Amino acid sequence: MMEFIEVLLRSMAKYSVLFIIIYLIQGCAETGDFGRRRPTLFEGKQGIDTPPQWFGSRATLTDNEVEFRNRALTLSRNPEKSIYPTLDVLEAGIGADAEVYYSRVAGLADLSVTARYRRVERDASADLALIPLYRIAACKVASDDLRRLAALEVSPGVLPEQAELAKYRVASNAAIGEAVERALPQRIDAYHITLQRLFAASPDEEAKPTLAAITALRSEVAKGGACGLGRSRSDRHIIRKG
C-alpha cells in the first residue's frame, strides 16, 4: 500500500511539472492579429477528414471559405483566451459567456487594475477591426455559393450525392454567418458587464477609453449582417447612461 502511494505521489509531481511548463508556454505565446494570442497547444486541432476528392472534405474549401470560417471562429469563441490549454470545441461551446469572460479578464493578479480595463478595450477594439473583414469574407462566400448552386443546375456530371454535399456546404456557410451575427451582441454584453464590474470594484480613468471602444463596437454591430447572412436583432441599449 505504501509503495502504491509513493508511486502515485511521484506521478503527481511529474505531471505537476508538466502543467507548469504548459502554463509558461501559454504565458509566453506570441501575439496574433490585433494583439490577440496565437493558437496555443491544443487550439486549432481538427479531427479526421475525408479523402480530398470527396465533396465533403476540408480540401474542397475555397480560399474564401477558409478565410470566412477562420474569422467566424475568432468571433465565436470567448474573446479572452484561457491561460490553460483548451480545445476549440470547448471554446466554441463557451462562446462569449459574460461570466467566463469576466473571470478571465479579472482573474490575474495584475500589478495595476488598469491592465484589466485594457484587456477589455483591446478585445472590443480587435472586434471592431475584425468585423468588417469578416463581413467582406462572408459576402465573398455568399457570392461563391450562388455560383455553386447555379453550376449544379447545369452540371449533369455531378453525382446526386455530390450535389447534396455541395448544397449542404452552402447551408453550412449560411448557418455559420447567422450564428456569428447572433453572437456579436453577446460579446458586447460580456464587455459591458465586465466593465461595470471592474469599475464597481476598482474605479479608474481607463474606464473611459474602454467604454468608448465598446460604444464604437456597438455601432459597427448595429449595421447588421453582410449579404443576408443574418442581422443583429438586439434592441437593448448595451451601453447605458449613468
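Figured I'd write up the structure that's included with this text. Just so it is clear, the model here is predicted, and its values are computed rather than measured. Sequence positions are assigned chain by chain, starting from 1 and proceeding in written order. A pLDDT threshold of at least 70 governs which residues receive local features in this predicted model, and a stricter bar of 80 or more applies before side-chain atom pairs are shown or counted, although totals over entire chains, interfaces and linings include all residues. As a convention, hydrogens and water are excluded, and side-chain values are obtained from all of the structure's heavy atoms.

**Examining the overall build of the protein**
Piece 1. Tallying secondary structure elements over the protein gives seven helices and zero strands in all.
Piece 2. Only DSSP runs of H or I with at least four residues qualify as helices, and only runs of E with at least two residues qualify as strands; both kinds are numbered from the N terminus onward. Going from N to C terminus, the protein has its helices and strands arranged as α-α-α-α-α-α-α.
Piece 3. Burial analysis of the protein (242 residues in total) assigns 33% to the buried set.
Piece 4. We call two residues in contact when some of their heavy atoms are within 4.5 Å. Of the contacts formed within the protein by residues at least 6 apart in sequence, a portion of 69% connects residues at least 24 apart.
Piece 5. The protein chains shown are the only cover counted for residues, whose accessible areas, like all others here, come from Shrake-Rupley with a 1.4 Å probe. Carbon and sulfur atoms form 62% of the exposed surface of the protein, whose accessible area is close to 14,500 Å². Each residue gets one of three labels from its accessible area relative to the maximum for its type: buried under 20%, exposed over 50%, partly exposed in between, using a 1.4 Å probe on protein chains only.

**Considerations on the nonpolar core**
Piece 1. Counting residues in each nonpolar core, the largest one holds 26 residues, and the members touching the most others are V120, Y134, Y191, I214 and L217.
Piece 2. Secondary structure elements with two or more residues in this core: α2 (63-76), α4 (98-106), α5 (114-153), α6 (160-201) and α7 (207-221).
Piece 3. Top element by residues in this core is α5. It accounts for eight residues.
Piece 4. Sequence-distant contacts of Y134, that is, excluding residues within four places in its chain, are made with F68, R71, A72, L75, I176, G177, V180 and E181. Residues enter a nonpolar core if they are buried and are Ala, Val, Leu, Ile, Met, Phe, Trp, Tyr or Cys, with the set joined through side-chain atoms within 4.5 Å.

**A look at the packing of α4 against α6**
Between two packed helices, what matters for the description is the angle formed by their axes and the separation of those axes.
Piece 1. Look at α4 against α6: their axes get within 9 Å of each other, and the N-to-C directions meet at 50°. Classified by the angle between their axes, α4 and α6 sit oblique to one another. When you trace α4 past α6, the crossing you get is right-handed. Within the contact between the two elements, α4 uses A98, E99, Y101, Y102, V105 and A106 and α6 uses A190, Y191, I193, T194, R197 and L198. For helices, the fitted line uses only the C-alpha atoms of the stretch in contact; every axis is such a line through C-alpha atoms, and the angle between N-to-C directions lies from 0 to 180 degrees. Under this scheme an angle from 65 to 115 degrees is roughly perpendicular, one under 35 degrees roughly parallel, and one over 145 degrees roughly antiparallel; angles in between are oblique. A clockwise turn of the near helix away from the far one marks a right-handed crossing, whereas an anticlockwise turn of less than a right angle marks a left-handed crossing.

**Some words on the environment of N173**
Piece 1. Within the secondary structure layout, N173 lies in helix α6.
Piece 2. The exposure class assigned to N173 is buried, which follows from its relative accessible area of 1%.
Piece 3. For the pair N173 and D145, spaced 28 residues apart in sequence, the C-alpha to C-alpha distance is 8.5 Å.
Piece 4. Residues within four places of N173 in sequence aside, it is in contact with E65, F68, R69, V141, D145 and R148.
Piece 5. One polar contact links N173 to D145, side chain to side chain, over a distance of 3.1 Å. N or O atoms closer than or at 3.5 Å make up a polar contact, with two conditions inside protein: a donor-capable atom paired with an acceptor-capable one, and, for residues adjacent in sequence, both atoms drawn from side chains.

**Structural notes on the packing of α5 against α7**
Piece 1. Taken N-terminus to C-terminus, the directions of α5 and α7 make an angle of 20°; their axes are 8 Å apart at the nearest point. Comparing their axes, α7 and α5 come out roughly parallel. Of the two possible hands of crossing, α5 and α7 adopt the one that is left-handed. Listed contacts from α7 to Y117, V120, E121, A124, S125, D127, L128, I131, P132 and R135 of α5 are A207, P209, T210, A213, I214, A216, L217, E220 and V221.
Piece 2. Here the contact of α5 with α7 is built from residues that sort into 13 nonpolar, two polar and four charged. Polarity classes work like this: nonpolar for Ala, Val, Leu, Ile, Met, Phe, Trp, Tyr, Cys and Pro, charged for Asp, Glu, Lys and Arg, and polar for all others, with Gly in that last group.

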